[in-house]
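# Coordinate analysis (summary)
Residues per chain, in single letters:
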Amino acid sequence: MRENHLMGQRISYMLGALGHDVYYAAINSYFAVYLAANMFQGSAHKDEMIALVTSLVLVIRLVEIVFDPIIGSIIDNTQTKNGKFKPWLIVGGIMSSIMVMVMFSGFGGLTTSSNTTLFTIVFIISFIILDAFYSFKDIALWSMIPALSAKNEERETLGTFARFGSAIGAQGTSILVFPIVYFFTAMMTGSYSEGSSGWFIFGVIVAIVQGGTALIAAFGTKEQDSSLRQKAEKTKFVDVFKALVTNDQLMWLSLAYILFALAYGAVNGTLPLLFTFVLGNQLLFSAVGWIGFIGSILLVPLFPKLSQSFGRRRVFTGAIISMLIGLLLFFFGNSEITVILGVIFMTCPYQLVFLSVLMTITDSVEYGQWKNGVRSESVTLAMRPLLDKVAGAFQNGIYSFVAISAGMTGAKYIAGANYHVGMFKIYVYAIPAILIIISLVLFLTKVKLTEQRHREIVADLEKRLG
């Protein structure tokens with residue numbers, strides 16, 4: 001019975017992560033594609049409006065840096081008979097699903113109207129609502145792991161199940177996004193191309209998947225009432241930022257991860273531009289999803305074994321080296337073969353980096369409790385989603401900046417057009433390579449919270465708390 005419960009909980013959590021990454025990919029990667037190609041199609045101020053919306057998204061998400069730890073504190077101090085996570089998974093999942101449809105809707109024709117002021121006001125309000133409810137759901141979902149188990153082994157199993165679901169969601173979205181958009185555009189307009197009607201149906205599908213899986217995660221998991229959680233002092237509102245800043249391992253890991261996330265987002269987010277305007281074959285972009293999907297199936301289930309055999313530090317290092325090889329292939333190659341090889345070396349190891357970081361952040365909950373006497377589950381785990389959202393905001397900005405600078409706006413490749421490929425490669429391959437190298441150096445020199453150190457900390461905490 002116990003094993004059946006554990007497996008049911010793992011699968012529920014996996015499905016919640018699947019829908020969550022479908023949503024994340026839609027907002028952080030493909031909303032930028034829709035924005036640059038179709039959102040303002042027919043507008044007299046197309047480039048200006050693309051730049052405006054990109055700037056608004058960036059500013060809203062950067063402002064949110066202040067509020068995500070506070071959201072984590074609110075979740076930490078939530079008390080219901082069903083625990084502290086379920087209410088936020090349900091409400092956040094439903095509301096953010098509604099708002100993602102709005103993002104791909106064309107705002108009732110406002111995107112092509114001359115009343116840019118009204119559109120700007122409506123967009124700001126809509127995106128703030130979307131981002132706020134998504135933040136509650138995002139932080140609640142990823143901060144559940146230390147509440148579901150105190151053991152390293154089960155945490156790694158839960159994290160592996162979740163990341164497997166995330167990989168299916170993210171890579172499945174990459175595989176299906178353009179076929180969905182093309183199919184429904186053809187159904188609505190008769191033209192087999194990338195159109196606004198197809199993007200709206202894509203938004204509806206994302207909303208259904210994300211909302212449904214959020215409910216599955218909410219009702220299929222159960223928090224564990226361990227002594228570490230029952231006897232721990234909760235984070236007070238005034239101590240939210242103190243709990244973060246005084247956790248030195250969390251801070252160093254966060255700095256290393258944000259540099260990595262910015263670099264990876266710049267590369268991965270602009271892959272549609274690479275396939276459309278450098279290779280001239282947009283539909284081949286689905287290969288990115290298939291490569292990531294197969295790589296995830298092979299590597300994600302191996303993470304616990306790799307972690308136990310080599311340790312997270314070596315797993316992280318090996319993944320980063322593979323990514324640097326991928327960047328070299330992107331930078332020096334222009335053929336479909338070199339690009340596909342670059343995708344393999346760049347995208348497949350991402351899951352290993354993510355899991356190494358996620359497990360270390362999860363362990364920093366006990367590290368912070370051991371060091372400061374305060375257990376801050378959601379506040380601590382809020383850092384990873386916060387950093388990803390900041391990177392995602394810059395990813396949208398990078399996409400639009402590169403698309404405009406390199407002359408790569410519009411929905412399709414035009415033979416003979418002057419695309420600035422050299423500039424494109426410097427922005428999205430050379431600079432990210434430097435950031436990734438710095439990230440690796442920080443991780444290896446400053447992050448000391450290994451698996452063995454965490455076991456020692458947990459044993460000491462249990463002794464202190466009786």
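Residues numbered from 1 in each chain as written. Predicted model: local features only at pLDDT ≥ 70, side-chain atom pairs only at ≥ 80, totals over all residues. Heavy atoms only, no water.

Right, let's get into the layout of surface pockets. Within this model, the second largest pocket holds a volume of roughly 210 Å³. Those elements that provide at least two residues to the lining of the second largest pocket are helix H2 (46-76) and helix H4 (116-142). Among the elements that line the lining of the second largest pocket, the one with the most residues is H2, at six residues. Here the lining of the second largest pocket is composed, by residue class, of eight nonpolar, one polar and two charged. (1 Å grid on protein atoms, 1.4 Å probe; cavity = no way out; pocket = protein on both sides within 12 Å on 5 of 7 lines; lining within 4 Å. Points joined across faces, edges and corners; volume = space filled by probe spheres on them. Helix = DSSP H or I, 4+ residues; strand = E, 2+ residues; numbered from the N terminus. Nonpolar A, V, L, I, M, F, W, Y, C, P; charged D, E, K, R; others polar.)

A separate point is the packing of H2 against H4. Helix packing for two helices is described by the angle between their axes and how far apart those axes are. Packing of H2 against H4 leaves a shortest axis separation of 9 Å and a crossing angle of 35 degrees. Both H2 and H4 take part in a crossing whose hand is right-handed. Taken together, the residues of the contact of H2 with H4 sort by class into 17 nonpolar, four polar and four charged. (Axes fitted to C-alpha atoms, helices over the stretch in contact; angles between N-to-C directions. Left-handed = near helix turned anticlockwise from the far one by under 90°.)

Quick look at the pattern of salt bridges now. By the definition in use, this model includes 10 salt bridges. For glutamate 154, the salt bridge goes to arginine 10, with nearest N and O atoms at 2.7 Å. One end of the pair, glutamate 154, is in helix H6 (residues 152-189); the other, arginine 10, is in helix H1 (residues 2-39), and 144 residues separate them in sequence. Both residues of the pair, glutamate 154 and arginine 10, belong to the buried class. Across the salt bridge formed by arginine 61 and aspartate 131, the nearest N and O atoms sit 3.3 Å from each other. (Salt bridge = Lys/Arg side-chain N within 4 Å of Asp/Glu carboxyl O. Buried < 20%, exposed > 50% of the residue type's maximum accessible area, 1.4 Å probe, protein only.)

Take helix H10 (residues 248-269) next. With 22 residues, H10 ought to run about 32 Å at 1.5 Å a step, and its terminal C-alpha atoms sit 31 Å apart, in line with that. With 16 of its 22 residues buried, H10 lies for the most part within the structure. (Expected span 1.5 Å × (residues − 1).)

For the rest of this paragraph, the subject is empty space enclosed by the protein. Enumeration according to the criterion identifies four cavities of 30 Å³ or more in this entry. Counted as a void, the largest cavity has a volume near 500 Å³. Surrounding the largest cavity, 36 residues form its lining, Tyr24, Ser29, Tyr264, Asn268 and Tyr350 being those nearest its centre. Sorting the residues of the lining of the largest cavity by element identifies H1, H4, H6, H10, helix H11 (271-278), helix H16 (350-372) and helix H18 (383-405) as the ones contributing at least two each. Ranked by the residues each element gives to the lining of the largest cavity, the list is headed by H1, at eight residues. Grouping the amino acids of the lining of the largest cavity by side-chain chemistry returns 18 nonpolar, 12 polar and six charged. Counting only domains with at least three residues in the lining of the largest cavity, you end up with domain 1 (1-223) and domain 2 (236-465). (Domains from an automatic or database assignment.)

Glancing now at the side chain of serine 166. Position of serine 166 among the secondary structure elements: in helix H6. You can call serine 166 buried: its relative accessible area is 0%. The residues touching serine 166, leaving out its near neighbours within four places in the chain, are Ala17, Leu18, Asp21 and Trp142. (Contact = heavy atoms within 4.5 Å.)

Before going further, it helps to examine the domain arrangement of the chain. One frequent convention defines the size of an interface as the accessible area lost when the parts assemble. For the chain, the assigned domains are domain 1 (1-223) and domain 2 (236-465). Placing a centre on the C-alpha atoms of domain 1 and another on those of domain 2 gives a separation of 18 Å. With 56 residues of domain 1 in contact, the opposing surface of domain 2 contributes 62 residues. Where domain 1 abuts domain 2, roughly 5300 Å² becomes buried across the two surfaces, and 64% of that area is made up of carbon and sulfur atoms. Our enumeration of links across domain 1 and domain 2 arrives at two salt bridges. Here arginine 155 and aspartate 363 are joined by a salt bridge, their closest N and O atoms 3.6 Å apart. Run the count over domain 1 and domain 2 and you get three residue pairs in polar contact (both at pLDDT 80 or more). Where the side of domain 1 that touches domain 2 is concerned, the elements lending two or more residues are H1, H2, H4, helix H5 (145-148) and H6. (Buried area = accessible area lost by both parts, 1.4 Å probe. Polar contact = N/O pair within 3.5 Å; in protein donor to acceptor, adjacent residues only side chain to side chain.)

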